[in-house]
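Notes for the structure review
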Amino acid sequence: MITANQVTKLILRCISAALAFVYMVSCKPVPVSRWFPVTPQEHYEQDLYKSKAEKTAAGQTWFRVGKEVLTDTLFSSVPLQERFFLGDSLPAQSIRFKVPQGRKLLITSSKSEEDSSSQLFVEVYRSKANGKPQRIEYLKTNNNTLTISDHQEDTLVLRLQTGLNERLKVAVTVMTLPTLVFPVAGHGIQSLMSFWGAQRDGGSRSHEGIDIKAPRGTPVVASEDGWVTQTGTNNLGGKIVFLSASGSPYSLYYAHLDSQLVSVGKRVIRGDTLGLVGNTGNAITTSPHLHFGIYARGAGAVDPFPFINDKKEKVPGLPVSSKWLGDTVRIQSKVNLFSSPAFSDSEKIRVVAKNETVRIIGQWAKGYRVELIDGTKGYITMVGLKSDNQISENRE
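Residues numbered from 1 in each chain as written. Predicted model: local features only at pLDDT ≥ 70, side-chain atom pairs only at ≥ 80, totals over all residues. Heavy atoms only, no water.

Attention shifts here to the overall build of the protein chain. Broken down by element type, the protein chain carries five helices and 28 strands. Split into buried and exposed, the 396 residues of the protein chain put 46% on the buried side. A separation of at least 24 residues holds for 66% of the contacts in the protein chain among residues at least 6 apart in sequence. For the protein chain, the computed accessible surface area is about 20,100 Å², with 53% contributed by carbon and sulfur atoms. (Helix = DSSP H or I, 4+ residues; strand = E, 2+ residues; numbered from the N terminus. Buried < 20%, exposed > 50% of the residue type's maximum accessible area, 1.4 Å probe, protein only. Contact = heavy atoms within 4.5 Å. Areas by Shrake-Rupley, 256 points an atom, 1.4 Å probe, with all protein chains shown as cover.)

Remark on secondary structure: sheet strands pair via backbone hydrogen bonds, oriented parallel or antiparallel. Taken in spatial order, the four strands make up an open sheet running S2-S7-S4-S5, and their pairing is antiparallel. Two strands close off the open sheet at either side, each with one partner strand: strand S2 (92-98) and strand S5 (134-138). Direction aside, the axes of adjacent strands within the sheet are offset by 30° on average. Both strand S4 (residues 120-126) and S5 contribute to a ladder of four bridges, which runs antiparallel. When the sheet's bridge partners are listed, Arg126 is paired in S5 with Gln134. Along the sheet face, helix H3 (residues 40-50) touches S4, S5 and strand S7 (155-162) and points at about 120° away from the line of S4. Lying over the sheet, helix H4 (residues 57-68) contacts S2 and S7, oriented at roughly 160° with respect to S7. (Pairing = 2+ DSSP bridges. Axes fitted to C-alpha atoms, helices over the stretch in contact; angles between N-to-C directions.)

Bringing unusual backbone geometry into the picture now. With omega at 5°, the peptide bond leading from Val78 into Pro79 counts as cis. The topology assignment puts Pro79 in the loop between H4 and strand S1 (80-86). The phi dihedral of His256 falls on the positive side, at around 65°, and the residue is not glycine. Checked against the element boundaries, His256 lands in strand S16 (residues 250-260). The class of His256 is buried, set by a relative accessible area of 6%. The phi torsion at Asn355 lies on the positive side, around 70°, for a residue other than glycine.

Here we take up H3. Counting buried residues along H3, eight of its 11 residues qualify, which places the element largely inside the surrounding structure. Residues of H3 that are buried: Pro40, Gln41, Glu42, Tyr44, Glu45, Gln46, Leu48 and Tyr49. Directly after H3, the chain includes Lys52, whose backbone phi takes a positive value near 65°.

Formed by 28 residues in total, the largest nonpolar core has its most connected members in Ile212, Tyr254, Phe292 and Ile308. Elements supplying a minimum of two residues to this core: strand S12 (210-213), strand S15 (238-245), S16, strand S18 (273-277), strand S19 (289-296) and helix H5 (305-308). Counting 22 residues, the second largest nonpolar core, distinct from the first, contains Leu105, Leu156, Val170 and Val174. (Core = buried A, V, L, I, M, F, W, Y, C linked by side-chain atoms within 4.5 Å.)

One turn of an α-helix holds 3.6 residues; hence residues three or four places apart share an orientation. Its 12 residues give H4 an end-to-end C-alpha distance of 16 Å, which sits within 8% of 16 Å, the value for a rise of 1.5 Å per residue. Within the sequence span of H4, burial applies to Gly59, Trp62, Phe63, Val65 and Gly66. Residues of H4 that are buried make contact with H3, S2 and S7. (Expected span 1.5 Å × (residues − 1).)

When the pLDDT values of the protein chain are averaged, the result is 88; 87% of them are 70 or greater. Of the regions scoring below 50 in pLDDT, residues 19-31 engages in two contacts with residues more than four places distant in sequence or in other chains. Predicted confidence is poor over residues 390-396, with pLDDT under 50, and the contacts of this stretch with residues over four places away or in other chains come to 24 contacts. (pLDDT = per-residue confidence, 0-100.)

Okay, structure coming up:
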């Protein structure tokens, strides 16, 4: 039987061990990945620490740059497609962007054939107001696609990093997809008959939703998993259903139904039938259609169009190859440097002079991502480049 004295000694030993651990950690901060690896990159980092790679010059650069790019200020808009160079003094790069409301991201990466053996780690972070990025997703081993939904409308950072002492050219495509299932079975965006903001009642109010034309009796379906919070009848909407979407701050509104097939409290999943298309309420003089609305909790109605727009996005293509990628070259004519490939005046950083030396660290359809001698990064339009041994009016 354990005595009270033994229990006291055991507690004191545990406290001493805990204090020793805290002291060790506080004296020498250690990345979480060394102790609790989760992502493929963290497991790789753990192996680097085991081999003492962080004590080498190359290892220190690898860890430092991987951290620094999380606060890079270059900003892109989606959809986008860009080819990046990763290696030596630049083992990591990043893309910053916002996810448009109502959309989710589809991120695809593709390594060049000659670099197929090089490692690629892809992680997505949310840029927090306190300056500390928060990882929200990562690319699993042996995968090349990643899907992300983000309802907070924060700035996201996509970090790309290759292995220590490896070089890699990787093409990244970021497209958006609708977050919701189309609310009328067997129909798509081509069936819209009225859009958000259209005038109603002689201009006294605007349309807070979209109208989708379909034959009477066509199933109206749950666009997202959730539960039914309201059914009933009102003067404008006729027979209606309200659905609270799971995992998002939105309530979905279905109106002008011919009939409702669910009751309050019903749990539903995507594609479940909620009711049938009709023309009840103030739509009695119109052809049968669904009025579909979306309400952000605490913020009112929002445009449903991007949430269900299933039209495939057009992304500018990349050159078949990028001749100068990773090279240090000279600019053949002066060009403006921008913080975004949108090339707007408000995003201009400075002028890059003729014959100024830059490193080509990325390429997209209309120009290059470059790094200047002082470490400044930015985008320039397609321009002539030259090296010590060759001059080219590069028009890939």
